[in-house]
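Below, each chain spelled out in residue letters.
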Amino acid sequence: LFRSRPGGYLLFMGDQKEMTEKYRMTPGKGVKADEILQEFTQSKESVSQSILQTDQNLTAKEAELAEMKAKAEAAERERKLREEMAAAAQRELEEQQRQHEEHLRQVAQRLEEERRRQQEESEKIGRA
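Residues numbered from 1 in each chain as written. Predicted model: local features only at pLDDT ≥ 70, side-chain atom pairs only at ≥ 80, totals over all residues. Heavy atoms only, no water.

Caption draft 1: Highlighting the packing of helix H1 (residues 8-25) against helix H2 (residues 33-43). Two numbers describe how H1 lies on H2: the axes approach to 11 Å, and their chain directions differ by 165 degrees. By the angle between their directions, the pair H1 and H2 is classed as roughly antiparallel. Of the two possible hands of crossing, H1 and H2 adopt the one that is right-handed. Between H1 and H2, the residues in contact are Gln-16, Thr-20, Tyr-23 and Arg-24 and Ala-33, Ile-36, Leu-37 and Thr-41, respectively. (Axes fitted to C-alpha atoms, helices over the stretch in contact; angles between N-to-C directions. Helix = DSSP H or I, 4+ residues; strand = E, 2+ residues; numbered from the N terminus. Parallel < 35°, antiparallel > 145°, perpendicular 65-115°, else oblique. Left-handed = near helix turned anticlockwise from the far one by under 90°. Contact = heavy atoms within 4.5 Å.)

As structure tokens, this is what we get:
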């Protein structure tokens, strides 16, 4: 139970402290009560160390996973930003191309109008 999650050591130690306090408050234990409690506490030391080691390992893994997740999220934000910037640049390029084509169309139209006007003037001069 305690071994399976980060923070398990603190839970274990809290439960052990609570049990010790309940034991001390229980009446009629006899003269060897403190000695028995001490032996029990010492017998649980290896379990305590095992839970502490597991807790530290799980906590380290949890921190490592959190760091990996943060890096992945940052990379995803960076990818989306680059994608948005590329799309914006593409839209800008397309708008510039459209404006350029519109400008060329207007210039061609003015040149055609100017050519017609000069042709009409030439025809008027030639008829006169």
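Still more ground to cover, so stick around.
Caption draft 2: Quick peek at the pattern of salt bridges. Applying the stated rule across the entire model yields 11 salt bridges. Measuring nitrogen to oxygen at the nearest pair gives 2.8 Å for the salt bridge that ties Glu-83 to Arg-79. Taken together, the residues span about one helical turn, with Glu-83 and Arg-79 both in helix H3 (residues 45-127) at a distance of four residues. You can call Glu-83 partly exposed: its relative accessible area is 49%. In this structure, Arg-115 engages Glu-112 in a salt bridge whose closest nitrogen and oxygen atoms are separated by 2.4 Å. Taken together, the residues span about one helical turn, with Arg-115 and Glu-112 both in helix H3 at a distance of three residues. Arg-115 gets classed as partly exposed once you look at its relative accessible area, which sits at 42%. Linked by salt bridges that have partners in common, Glu-76, Arg-79 and Glu-83 make up one network. (Salt bridge = Lys/Arg side-chain N within 4 Å of Asp/Glu carboxyl O. Buried < 20%, exposed > 50% of the residue type's maximum accessible area, 1.4 Å probe, protein only.)

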